[in-house]
Amino acid sequence: MLPKVVLYVCGCALLIPTAIAANSTYTNPIFPGFFPDPSCIFVPERDDTFFCASSSFEAFPGIPIHASKDLVNWKLISNVLNRPDQLPDLAITNKSTSGIWASTIRYHQGTFFIMTTLVFDDADQFNSSRWDNMVFQSKDPFKSSSWSDPVHFDFVGYDTSPYWSDNGTVYVAGSHPWHVAPGITMTTINLTTGEAGSDLRFIWNGTGGLAPEGPHIYSKDGWYYLMIAEGGTGLTHMETIARSKTIDGPYTPNSANPIVTNANTSQYFQTVGHADLFQDPAGSWWGVSLATRSGPNFTTYPMGRETVMFPVTWKTGDWPILQLVRGQMSGWQMPPPNITIAGEGPFTDTADHLTFPPKSSLPIHLVHWRIPINGSYTVSPSGHPNTLRLSPSKLNLTGYDGNYAGSQGQTFVGRRQTDSLFTYAVNMEFSPQAQGDEAGISVFLTQNHHVDLGIVLLPNSTSSASPKPLVPYFRFAATSYLAVPPPILVPIHSSFPNYTTLSDPTATTLNLYLEVKANNLTHYAFSAGPVDAMSDVINIGYAPAADVSFGFTGTILGVYATTNGRNVNATAPGTPAYISDWKYTPQGQFLD
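In this text the structure is predicted, and so the values were computed from the model without any measurement.

Re the overall build of the chain
And then number 1: Secondary structure assignment for the chain yields 2 helices and 41 strands.
And then number 2: Radius of gyration (C-alpha) of the chain: 24 Å, near the 25 Å computed for a compact globule of 592 residues.
And then number 3: Dimensions along the principal axes, computed over C-alpha positions, put the chain at roughly 85 × 50 × 45 Å.
And then number 4: When the accessible surface of the chain is summed, it comes to about 21,900 Å², and 54% of that surface belongs to carbon and sulfur atoms.
And then number 5: The positive charge centre, built from 29 side chains, and the negative charge centre, built from 44, are 2 Å apart in the chain.

Thoughts on the state of the cysteines
And then number 1: Under the definition given, this model contains 1 disulfide.
And then number 2: Residue Cys 40 pairs covalently with Cys 52 via a disulfide, S to S 2.0 Å. Since a negative S-S torsion denotes a left-handed disulfide, the Cys 40-Cys 52 link at about 110° is right-handed. Of this pair, Cys 40 sits in strand E4 (residues 39–43) while Cys 52 sits in strand E5 (residues 49–53), and the two are 12 residues apart along the sequence.

Thoughts on the confidence of the model for the chain
And then number 1: Residues at a pLDDT of 70 or more form 92% of the chain, whose mean pLDDT is 91.
And then number 2: Below pLDDT 50 for its whole length, residues 1–22 participates in 43 contacts with residues either more than four positions away or in separate chains.

A closer look at the environment of Pro 363
And then number 1: Structurally, Pro 363 is set in the loop between strand E27 (352–354) and strand E28 (366–369).
And then number 2: Pro 363 sits in the partly exposed class, given a relative accessible area of 25%.
And then number 3: Taking the C-alpha atoms as reference points, Pro 363 and Gly 454, 91 residues apart in sequence, are found 24 Å from one another.

Structural notes on the nonpolar core
And then number 1: Residues Tyr 424 and Phe 474 are the most contacted members of the largest nonpolar core, which totals 44 residues.
And then number 2: With residues up to four places along the chain from it excluded, the contact list for Tyr 424 reads Ile 441, Leu 514, Glu 515, Val 516, Leu 557, Gly 558, Val 559, Trp 582, Lys 583 and Tyr 584.
And then number 3: Core analysis: the second largest hydrophobic core is formed by 36 residues, Phe 35, Phe 269, Ala 275 and Trp 314 among them.

Quick look at the pattern of salt bridges
And then number 1: Counted according to the given criterion, the structure contains 12 salt bridges.
And then number 2: In this structure, Glu 306 engages Arg 293 in a salt bridge whose closest nitrogen and oxygen atoms are separated by 2.7 Å. Within this pair, whereas Glu 306 is found in strand E24 (residues 306–313), its partner Arg 293 is found in strand E23 (residues 285–293), the two being separated by 13 residues in sequence.
And then number 3: Overlapping salt bridges, with partners in common, bring together Asp 199, Arg 201 and Asp 248 in one network.

Description of the UniProt feature "active site" (unreviewed entry) in the chain
And then number 1: Within the UniProt annotation, "active site" (unreviewed entry) is assigned to Asp 37 and Glu 213. Spanning 177 residues, the annotated positions come together in the fold, the maximum distance between their C-alpha atoms being 10.9 Å.
And then number 2: Relative to the helices and strands, Asp 37 is located in the loop between strand E3 (25–27) and E4.
And then number 3: On the accessibility criterion, Asp 37 (5% relative accessible area) is buried.
And then number 4: Leave out the neighbours within four places in its chain, and Asp 37 touches Ala 53, Ser 54, Ser 55, Phe 57, Ala 102, Ser 103, His 274, Leu 290 and Arg 305.
And then number 5: At 2.7 Å, the side chain of Asp 37 forms a polar contact with the side chain of Ser 55.
And then number 6: With respect to the helices, strands and loops of the structure, Glu 213 is situated in strand E18 (residues 213–220).
And then number 7: Sequence-distant contacts of Glu 213, that is, excluding residues within four places in its chain, are made with Tyr 158, Asp 159, Ser 175, Ile 184, Ile 228 and Ala 229.

Section: the domain arrangement of the chain
And then number 1: By domain assignment, the chain separates into domain 1 (37–343) and domain 2 (351–588).
And then number 2: Relative to domain 2, the C-alpha centre of domain 1 lies at a distance of 35 Å.
And then number 3: Counting the surface lost from both domain 1 and domain 2, the interface buries some 2,600 Å², and carbon and sulfur atoms represent 62% of this.
And then number 4: Inspection of the domain 1/domain 2 interface yields 1 salt bridge.
And then number 5: We note a salt bridge from Glu 58 to Arg 370, for which the minimum N-O separation is 3.5 Å.
And then number 6: On the surface where domain 1 and domain 2 come into contact, there are 7 residue pairs in polar contact (both at pLDDT 80 or more).
And then number 7: Looking at the side of domain 1 that touches domain 2, the elements with two or more residues in it are strand E6 (59–60) and strand E8 (75–81).
And then number 8: Looking at which element gives the most residues to the side of domain 1 that touches domain 2, the answer is E8, with 4 residues.

Topic: the packing of aromatic side chains
And then number 1: Following the criterion strictly, the structure yields 29 aromatic pairs and no others.
And then number 2: Relative to Phe 142, the ring of Phe 51 lies with its centre 5.7 Å away and its plane at 65°, an arrangement referred to as edge-to-face. Here Phe 51, found in strand E5, pairs with Phe 142, found in the loop between strand E12 (131–138) and strand E13 (151–153); they are 91 residues apart in sequence, far enough to count as distant. With respect to burial, Phe 51 and Phe 142 carry one shared label: buried.

A few points about the pairing of strand E31 (residues 412–416)
And then number 1: Of all 5 residues making up E31, 5 are buried, and the element is well covered by its neighbours.
And then number 2: Sheet analysis places E28 next to E31, joined by 2 bridges and oriented antiparallel. Looking at the pairing, Val 367 lines up with Gly 414 of E31.
And then number 3: Alignment of E31 against strand E40 (residues 556–562), held across 5 bridges, turns out to be antiparallel. Opposite Arg 415, over in E40, you have Leu 557 as the bridge partner.

A few points about the sheet that holds E5
And then number 1: The sheet built from 4 strands is open, its strands ordered E4-E5-E7-E8 with antiparallel pairing. Taken across any chain shown, the strands that pair with only one partner, and hence form the sheet edges, are E4 and E8. Averaged over all neighbouring strand pairs, the angle between strand axes comes to 25°, with direction disregarded.
And then number 2: The sheet contact formed by E4 and E5 spans 5 bridges and is antiparallel. Counterpart to Val 43 in the pairing with E5 is Thr 49.

Conventions we followed
- Residues numbered from 1 in each chain as written.
- Predicted model: local features only at pLDDT ≥ 70, side-chain atom pairs only at ≥ 80, totals over all residues.
- Heavy atoms only, no water.
- Helix = DSSP H or I, 4+ residues; strand = E, 2+ residues; numbered from the N terminus.
- Rg over C-alpha atoms; globule rule 2.2 N^0.38 Å.
- Areas by Shrake-Rupley, 256 points an atom, 1.4 Å probe, with all protein chains shown as cover.
- Lys, Arg positive; Asp, Glu negative; His and termini not counted.
- Charge placed at Lys NZ, Arg CZ, Asp CG, Glu CD.
- Disulfide = S-S within 2.5 Å.
- pLDDT = per-residue confidence, 0-100.
- Contact = heavy atoms within 4.5 Å.
- Buried < 20%, exposed > 50% of the residue type's maximum accessible area, 1.4 Å probe, protein only.
- Core = buried A, V, L, I, M, F, W, Y, C linked by side-chain atoms within 4.5 Å.
- Salt bridge = Lys/Arg side-chain N within 4 Å of Asp/Glu carboxyl O.
- UniProt positions renumbered as here; feature names shortened; annotations may be inferred.
- Polar contact = N/O pair within 3.5 Å; in protein donor to acceptor, adjacent residues only side chain to side chain.
- Domains from an automatic or database assignment.
- Buried area = accessible area lost by both parts, 1.4 Å probe.
- Phe/Tyr/Trp six-rings, centres within 6.5 Å; stacked < 30°, edge-to-face > 60°.
- Pairing = 2+ DSSP bridges.
- Axes fitted to C-alpha atoms, helices over the stretch in contact; angles between N-to-C directions.

Encoded structure:
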C-alpha cells in the first residue's frame, strides 16, 4: 500500500482545522518531529487549556511545552530548560542517548511542575551517578523565563513522575535501571527541598517486557492505576497497566495487557508506547504516546519518535480502553476550534521565514546540540543587518568520539524536521580564509548521524603547483552507522561562471544559496548555487533518510560553521558565516 499524504499549498495544509473539530476526526502525529515521551494535562483553571511536555535529550533549549484549547491546534509556548545556568551539566553529557529523558508535567494548586531526569551517559548502567533527577516549577508556563532552576533529588533510576495524595503527601515513581533490577519503584518526596524518602520500594515489575519504565499513577473510582511502558523503545514497545486499592500495592495487572501497541502489525505507525492519560472539558478521556512513522521494517523514520493522540474509553470501576494508533483518527467530540493561545513560539504546522532583524533574538523553536557557547550566534551584527552570524567552532558536527562536545561546543543551530516532505533553504555569506574553514547546512540527528552540504576551503586537487593553492569547494558528506553515499567535492570556482576568474579565493566573499529537500519518503536532495542566479543552482548529492533514522531523537535541519580542528580563540576567532533568508516550507505528511 502506498503511503497516504496530506498535501500543502503555499505551506498551508489542505486539511482544515475547523473540519477536524466539527466531525471529531484528526490526524496523527499531533506533534510531528522530534517530540518523544509525551506527558499531557488539562487545566480548567487556565482557561480550559491542555499542556504537554516532551523529552529533548541533548537539544537546547530543552523540555518544550505545547499548549492547545481544541486538541488540534498546538503551539510551542515555552521551553522549561532555557538558561545555561539552569543545568550546566547538559554541556558535559556523553553518548547520543544522554541528556533530558522523559519529562512529566503536572499541575497542583496553581503551580505547574516538570519532573525529569538528566542522563550523563550509557557506559555504565550499574552506576547510580548517571541519573540526575530534578523538578522545575512555574506559575506561568507561557513564558520560558518563568521556569525555575531545578530542585535535584536522589533517586536511582529515571522517568520520574509525581503523584499528590489527598492527605498532601507527594510520591515519586520511577523506573529502576533495567540492567540491575527492572521494575517501578516509589517513595515520598518534598518538591521544595528535593528530600526524598529512604523507603524506596518496588511496586510493580510489569508484565515481563524489557525495560519497564515511564510510570504514571492515576486515582479513579477507588483504585490506583499504574500505567507503564514496556518492551524497549523499538518495535516491541507497548503500554501496560495495573491497579491496586492502595498506592503502595500490590498491583494487579490488566488481563488485557498490553492496552496499546502496534507491535507485530503492518501499520505505518510503530513503536507505540510511553503514554499518558488526561481528560477534556466534557470529561472524555484521551491518551498520548510516542510513535515512529517507520512501518514494520523500521528503517526509514528520520523524524524519530513523535507524539500521537488517541481517544480512551474509561468506564466507572473498569480498565481504560485505548484506541489503536493510526494516521487518521476519530473519537470524542473535540472542543471548538480556538487558536487564541499565549506563548512565545509557533504552532506545530508553521512554516519558517526568518530574517533575523536587528534587536531580535533567536526564536524559541530553534535548538542547539547541547548548551551553546556564548558569542557563537549573533543576530544582526554590525555591518550585517538581518543576518545570523555563526562564529565557527573547532569541532565539526561529528566532533569527538562518543558524541561528546565538551567545553568547546559545536556551532550549530536548527529547527526540527516536522514534515515528511519539505524544503529547507538559507542564503549564506562566507569568506573562508584558512584551510578547513567550512560552513553549511545539515540534516542532523546526532554527532554520529548527519548529512551535510558545506562550503569548505581546501587545496586545489587539480593543481600541479606546490603548495597547491586553496580553492572553495562544495562538500557533500554523510556520517552514519549505516552505509553512506560517497563524499562529493565540487569546486565552486568551476561551477559558476562568475567565479571562474578568482585570483585569490580566500579574499572573495561567496554569497550562496543552500537547500535540502525531502521530495519523497526515502531520500534528501542537497542543492546549491549563487544567491543572485537561481537558474545556476545545481544538485550536489542525495542521501538516504535511513542514514538519519536511529536512536531516541529526530532530525534537526540547520546551519553550522567550523574550522575542522583548528583552534579558535579571541586572537584567532576563525571565519564567520552570515545566514539570511532562512526558510522552511512544509509540503506534505505521510500518514499511512
